[in-house]
Amino acid sequence: MPQITFHGYTIYYQDHMLPFFDQKRDAILFIKYLTENAGGKAYDDAQLVVEYNDGIVFTPIWNIKIKQTNDKEFILEFKG
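Definitions and cut-offs
- Residues numbered from 1 in each chain as written.
- Predicted model: local features only at pLDDT ≥ 70, side-chain atom pairs only at ≥ 80, totals over all residues.
- Heavy atoms only, no water.
- Salt bridge = Lys/Arg side-chain N within 4 Å of Asp/Glu carboxyl O.
- Helix = DSSP H or I, 4+ residues; strand = E, 2+ residues; numbered from the N terminus.
- Buried < 20%, exposed > 50% of the residue type's maximum accessible area, 1.4 Å probe, protein only.
- Core = buried A, V, L, I, M, F, W, Y, C linked by side-chain atoms within 4.5 Å.
- Contact = heavy atoms within 4.5 Å.
- Pairing = 2+ DSSP bridges.

Undergrad: Mind showing me how you'd approach the pattern of salt bridges here?
TA: Opposite charge on two side chains permits pairing when their charged atoms draw close. Here the structure, examined in full by the defined rule, presents 3 salt bridges. The closest approach of N and O atoms between K67 and E77, which form a salt bridge, is 4.0 Å. Placement of the pair is K67 in strand β7 (residues 64–70) and E77 in strand β8 (residues 73–78), with a sequence separation of 10 residues. The exposure class of K67 is partly exposed, given its relative accessible area of 40%. When salt bridges that share partners are traced, they join K65, K67 and E77 into one network.

Spelled out as structure tokens, the structure:
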């Protein structure tokens, strides 16, 4: 399971999720990777925004379950 560290927090996410870091907002946007074909890569809509503002803030947009395993560790999964 891939992972990303953000302000000391470790976030594990599924293989078909892609994180994009937004430096201006100090946030991470997760989107779902669907497939790749001759026309290029296909992505679903944004799934989750993770921001830092004196602590980590999750804003789920679509079908995300966030499981906290300890004070600084989270696992992202799709609801379904």
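Continuing now.
Undergrad: Please clarify how the nonpolar core should be interpreted in this entry.
TA: Side chains of nonpolar character tend, in soluble globular proteins, to be buried together. Core analysis: the biggest nonpolar cluster contains 15 residues, and I11, F30, V50, I56, F58 and L76 have the highest contact counts within it. Only β2 (9–12), β4 (27–37), β5 (40–52), β6 (56–60) and β8 provide two or more residues apiece to this core. At 3 residues, the largest contribution of residues to this core is made by β8. The contacts of I56, once residues within four sequence positions are left out, are F6, Y9, I11, V50, E51 and F74.

Undergrad: Looking at this model, I keep getting lost on the side chain of T10. Mind explaining?
TA: Along the polypeptide, T10 turns up in strand β2. Here T10 falls in the buried class, since its relative accessible area comes to 15%. Those residues within four positions of T10 in sequence are excluded, and the remaining contacts are Q3, I4, T5, K72, E73 and F74.

Undergrad: Honestly, the pairing of β7 in this entry has me stumped. Any pointers?
TA: Within a regular strand, the side chains alternate between the two sheet faces. Sheet analysis places β7 next to β8, joined by 6 bridges and oriented antiparallel. If you follow Q68 over to β8, its bridge partner there is F74. In this antiparallel pair of consecutive strands, β7 and β8, the connection spans 2 residues.

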